[in-house]
Amino acid sequence: MDLVPVVDIRNPGATSVAELDRACSDHGFFLLTGHGLDEVIAETFAAARRFFESPIDVKDAVRRDARNPLGYNERELTKRVRDHKEVFDLVDPVEGRAKHYNRWPDVDGFHDAIAAHYDACSDLALRTTELVLHALGLSGAALAEHRGDRTTSNMRLNHYTLGDPVPEDERDGLAALADVALGHHTDLGLITLLIQDDVGGLQAESVEHGWIDVEPRAGTIVVNLADCMQVWSNNRYRAAVHRVLPMTTSTRMSIPYFLNPPRDCVIEPIADVADGSPAYRPFVFRDYIDARSADNYADAGADDSQISDFLLTT
């Protein structure tokens, strides 16, 4: 039995849903087929590649700054050390915030390809969330009340480099470079849809097996659970602890879509799942996302906020 099961989103049978349930309880990862996004994904990868291969002045024109957290950056921190990658971040291209925050580089076809990908993943992420909640045992009103929101979600392009992504003459005063390409962490929302190339390096922490590889498989989209899903499930399902190993012979590209709850949503264990014994106290998602993102670009001098901060003591 595969540790990271494959589920056909068009027809998830009882066996695959049972395997999904097992994986979500152990490490929080599974793979999707039947998504119908192969052409969209190919266009997205091509656009991302054109951007990351662009001259530095093209990247600098859309670089994140103190007033705007979106756009290009190659100095992001995870667990207070620098990642081995450069990134490009955006929010919903058709939502109001996009007019103020999204930055679009001068790269042929980039805007249209990325916007189409955001649309497609927004729909797929909602359907995938329903699949996870069905596996958890939800239906009817409880299922309808627990959904993500594309307007508070976000998307990222990742390019994992060979060695330090920051030029040597610009490294003075920067945080130390991590000994992995991306340090172990959990995502903060509901689920993440990830497309990755064929290079590999993504690993998940399994309760039963330790670190396991989430190997690239043609035609699949990687799904991992995030913090708010762990809270909703009252710890039955696990927010995926994951990392990326250093690149040694080739660079790597991946593109995650992070489905989040509405910003003003109160996050707490679902009553039908908690059965009168909630493991977490309620919190507003807006407050959590603000706390988690505060130290992505500068070392705040302390570990970032985690859902364990909201655990109820017994």
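Let me begin by describing the structure that accompanies this report.

Parameters at a glance
- Residues numbered from 1 in each chain as written.
- Predicted model: local features only at pLDDT ≥ 70, side-chain atom pairs only at ≥ 80, totals over all residues.
- Heavy atoms only, no water.
- Phe/Tyr/Trp six-rings, centres within 6.5 Å; stacked < 30°, edge-to-face > 60°.
- Helix = DSSP H or I, 4+ residues; strand = E, 2+ residues; numbered from the N terminus.
- Buried < 20%, exposed > 50% of the residue type's maximum accessible area, 1.4 Å probe, protein only.
- Lys NZ or Arg CZ within 6 Å of the ring centre and 35° of its normal.

The full count for this structure, using the stated rule, is ten aromatic pairs. For the ring pair Phe-51 and Tyr-72, a centre distance of 5.9 Å and an interplane angle of 70 degrees mean the geometry is edge-to-face. Of the two residues, Phe-51 sits in helix H2 (residues 38–52) while Tyr-72 sits in strand E3 (residues 71–73), which places them 21 residues apart along the sequence. Just as Phe-51 is buried, Tyr-72 falls in that class too. For the pair Tyr-118 and Tyr-257, a centre-to-centre distance of 5.0 Å together with 70 degrees between the ring planes defines the contact as edge-to-face. Pair noted here: Tyr-118 is in helix H5 (residues 110–136) and Tyr-257 is in strand E14 (residues 252–259), with a separation of 139 residues, a long-range link. The class of Tyr-118 is buried, set by a relative accessible area of 0%. For Tyr-257, a relative accessible area of 1% puts it in the buried group. Following the ring pairs from residue to residue traces out a cluster consisting of Phe-51, Phe-52, Tyr-72, Phe-88, Trp-104 and Phe-110. Its guanidinium or amino end placed over the ring of Trp-211, Arg-243 lies 4.0 Å from that ring's centre, counting from NZ or CZ.

In this structure, Asn-234 is a non-glycine residue whose phi angle is positive, near 55 degrees. With respect to the helices and strands, the residue Asn-234 is situated in the loop between helix H7 (227–232) and strand E13 (242–244). Of note in the backbone geometry, Asn-235 takes a positive phi value of approximately 75 degrees without being a glycine. Summarising the element assignment, Asn-235 is placed in the loop between H7 and E13.

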